[in-house]
Amino acid sequence: MLKLVTSDIDHDGTPLEALDSVESLLLRVADGDQRSFAELYDRVAPRVLGLIKRLLIDHAQSEEVAQEVFLEIWRTATRFDPQRGAALSWVLTMAHRRAVDRIRASQSSHDRDIKIGIRDVDREYDQVAESVEIRIEHERVKRAMTQLTELQREAISLAYYGGYSHSEVAKILAIPIGTVKTRLRDGMIRLRDEMGVA
Amino acid sequence: MATNDDSRMNTGAFALGALSPEELERFIAAAESDPELAAEADGLSATAVLLGLASTPVEPSAKLKVDLMAAIASTPQLSRETVVPLAEVRDDEPSASARVEDARPQPVEAGAAEQKARTRWFARPATLLVSAAAAIGLFVGGGFVGSALTGDTPVVVDQQAAGLAQIYAASDVQSVRSEVEGGGVATLVWSGELGRSAVVVDGLAPLPAGSVYEAWYINDAGAAPAGTFDATGAHKTSWHLLDGTMSAGDTVGVTVEPAGGSKTPTTTPIVAIASA
């Protein structure tokens, strides 16, 4: 009897539609499709906000920056070129840049606890026992991070998660800027190779 | 040559966003004429994205999405074809009315050239990120996963989130959207391989007191209960990981049932989505 009623229900389900990729959503956003923008937002917003908040710590400020990021995505989706990289990379690169901009623009950035930048990555993972997939991803990065020297890890964390420029990193660690550059480069090359990016 | 040697040492700092604006400009100029440098910069930039993904997802407030949807409605997009001269990029900002948070101090923006440069890849083939993206794709599949990671979420929700993420991660994941009777949209997401499915609902009408939504697997054998859920709360988007195993060709329906759920449907489904 239930089967009879269900056939009466009007639904416009598109048959066997594969789940939209972030790329295809972004390409539709470039056509001004607001619905795709909403879907894209649902998919990536927690990731975007998570990264921004990692840098800024403050939730309200992080949401402001996330809003700037998504407005920029909307405005510049027309310039996204899938030939040049994955949509998610494009989005996260933008989010990181905006967060760094906010840090550098704010006077209080200099008061931020330096430890924020170099806090142990492990602590972050401990809060996240919930999802197997995320756990795996974290484990991958964590494992790769262990292949770095302590000095490389410290410099990379300060730069990426702390949002410090290399000259700030040099000041914080009281080492020459050339040494910072070397640590960042050697460390990132090591990470790249460990994580099989290239 | 000296300048390039300098830039060569800067690939790590470039990828991490740690160069000064002047250095960045020099770096870009150097990379444009040096494919090897460009390739290294791209690879390290892709690596930096993985660092970004290692951060714990954070669920945004419902307000953020509402504000954004309102803002984009009045925010023009950049034109597609024209390569905008760098100087114009800043002028193309959304109009004041489009700004949702006008009163807030805006950060001092980086220069236009820098802005542009920092979101570009140099010469990256589309396939370069494949291994990373394969891992990443799993997780962005569900923006919902993030909601399970914020604070004191009950364990059962986390398990549900993990299940949903698993479905999104499956190689045979499929989805079908359907309008819901009485308003809203439901999307069925499933993997035949896993035999699992989830219903994602958005904008459903509020339930009468003492009622729940109940999901059903519907096939020739009738309707089998697949768990109750409720779509109220702070987020109007909600989802339910169906209990039991989905068989190929099952239709998934949702009815409104008395609290606690029913053994067989007592009302007409508000939505029924066929998986084949």
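Nothing here was measured: the structure is a model prediction, and the numbers come from that model.

The next point concerns the overall build of chain A. When helices and strands are counted, chain A shows 11 helices and 1 strand. The N-to-C order of helical and strand elements in chain A reads α-β-α-α-α-α-α-α-α-α-α-α. Out of the 198 residues belonging to chain A, those deemed buried represent 48%. Taking as baseline every contact in chain A between residues at least 6 positions apart, the subset at least 24 positions apart corresponds to 59%.

Next up on the list: the overall build of chain B. Check the secondary structure of chain B and you find 8 helices and 8 strands. Burial analysis of chain B (276 residues in total) assigns 43% to the buried set. For chain B, the proportion of contacts with a sequence separation of at least 24, taken over those separated by at least 6, is 59%.

All right, on to the pairing of strand β7 (residues 251-258) of chain B then. Residue and element names in this part refer to chain B. Counting buried residues along β7, 6 of its 8 residues qualify, which places the element largely inside the surrounding structure. Alignment of strand β4 (residues 211-219) against β7, held across 8 bridges, turns out to be antiparallel. Its bridge partner being in β7, Y217 is matched across the sheet by V252. Sheet topology places β7 next to strand β8 (residues 271-274); 4 bridges connect them, and they run antiparallel. Among the inter-strand pairings, V254 is bridged to a residue of β8, identified as V271.

Looking now at unusual backbone geometry. Here I57 of chain A, not a glycine, exhibits a phi torsion of approximately 70°, which is positive. Assignment of secondary structure puts I57 of chain A in the loop between α3 (34-56) and α4 (59-76).

Attention now goes to the packing of α3 of chain A against helix α5 (residues 87-105) of chain A. Residues and elements named next belong to chain A. Look at α3 against α5: their axes get within 9 Å of each other, and the N-to-C directions meet at 30°. Judged by the angle between their axes, α3 and α5 are roughly parallel. For the pair α3 and α5, the sense of crossing is right-handed. Only L88, V91, L92, A95, H96, A99, V100, R102 and I103 of α5 make contact with α3, whose side of the interface consists of V44, R47, V48, L51, I52, L55 and L56. Taken together, the residues of the contact of α3 with α5 sort by class into 13 nonpolar, 1 polar and 2 charged.

What follows concerns α4 of chain A. For α4 of chain A, spanning 18 residues, the distance from its first C-alpha to its last is 25 Å, which sits close to the expected 26 Å at 1.5 Å a residue. The buried fraction of α4 of chain A is high, at 14 of 18 residues.

All names here are of chain A. Confidence along chain A averages 77 in pLDDT terms, with 72% of residues attaining 70 or more. This model gives residues 1-18 a pLDDT under 50, and the stretch forms 36 contacts once residues within four places in sequence are excluded. Note that pLDDT drops below 50 for residues 113-131; the model gives that stretch 32 contacts with residues more than four away or on any other chain.

Ranked by internal contacts, the top residues of the largest apolar core, which has 75 residues, are V48, I52, V91 and A159 of chain A. When residues in this core are grouped by element, the largest group, 11 residues, is from α3 of chain A. Both of domain 1 (19-111) and domain 2 (113-198) of chain A provide at least three residues apiece to this core. Counting 31 residues, the second largest nonpolar core, distinct from the first, contains V199, A226, L242 and V271 of chain B.

What follows concerns the sheet that holds β4 of chain B. Within a sheet, neighbouring strands are paired by backbone hydrogen bonds and run either parallel or antiparallel to one another. Residues and elements named next belong to chain B. If you walk across this open sheet you meet the 4 strands as β5-β4-β7-β8, and the pairing is antiparallel. Here the strands that pair on one side only, and so sit at the sheet edges, are β5 (222-229) and β8. Direction aside, neighbouring strands of the sheet carry axes that sit 30° apart on average.

Between two packed helices, what matters for the description is the angle formed by their axes and the separation of those axes. Contact geometry of α4 of chain A with helix α5 (residues 62-73) of chain B gives a least axis separation of 10 Å together with a crossing angle of 35°. Crossing of α4 of chain A over α5 of chain B shows right-handed handedness. For the pair formed by α4 of chain A and α5 of chain B, the contact residues are E63, A66, Q67, F70, L71 and W74 of chain A on the first element and L64, D67, L68, A71 and I72 of chain B on the second. By residue class, the composition of the contact of α4 of chain A with α5 of chain B is 8 nonpolar, 1 polar and 2 charged.

Glancing now at the environment of S45 of chain B. Within the secondary structure, S45 of chain B is located in helix α4 (residues 35-53). The spatial distance from the C-alpha of S45 of chain B to the C-alpha of A13 of chain B is 9.7 Å, given a sequence separation of 32 residues.

This next bit is on α5 of chain A. In this model α5 of chain A runs 27 Å from its N-terminal to its C-terminal C-alpha over 19 residues, within 8% of the 27 Å that 1.5 Å per residue would give. Burial runs high along α5 of chain A: 17 of the 19 residues are buried.

Residues and elements named next belong to chain B. Per-residue confidence for chain B gives a mean pLDDT of 71, with 64% of residues at or over 70. When mean pLDDT is taken per element in chain B, helix α2 (residues 11-15) scores highest with 95 and helix α7 (residues 130-140) scores lowest with 34. Across residues 82-120, where pLDDT falls below 50, the model places 49 contacts with residues more than four positions away in sequence or in other chains. Here residues 123-157 is a poorly scored stretch, pLDDT under 50, and it has 81 contacts once near neighbours within four places are set aside; other chains count.

The next thing to look at is the environment of A38 of chain A. Residue and element names in this part refer to chain A. Secondary-structure assignment places A38 in helix α3. A38 sits in the partly exposed class, given 18 other C-beta atoms within 10 Å. For the pair A38 and L25, spaced 13 residues apart in sequence, the C-alpha to C-alpha distance is 9.5 Å.

So, how was this worked out
Residues numbered from 1 in each chain as written. Chains lettered and ligands numbered in written order. Predicted model: local features only at pLDDT ≥ 70, side-chain atom pairs only at ≥ 80, totals over all residues. Helix = DSSP H or I, 4+ residues; strand = E, 2+ residues; numbered from the N terminus. Buried ≥ 20, exposed ≤ 12 C-beta atoms within 10 Å, placed from the backbone. Contact = placed C-beta atoms within 7 Å. Pairing = 2+ DSSP bridges. Axes fitted to C-alpha atoms, helices over the stretch in contact; angles between N-to-C directions. Parallel < 35°, antiparallel > 145°, perpendicular 65-115°, else oblique. Left-handed = near helix turned anticlockwise from the far one by under 90°. Nonpolar A, V, L, I, M, F, W, Y, C, P; charged D, E, K, R; others polar. Expected span 1.5 Å × (residues − 1). pLDDT = per-residue confidence, 0-100. Core = buried A, V, L, I, M, F, W, Y, C linked by C-beta atoms within 7 Å. Domains from an automatic or database assignment.

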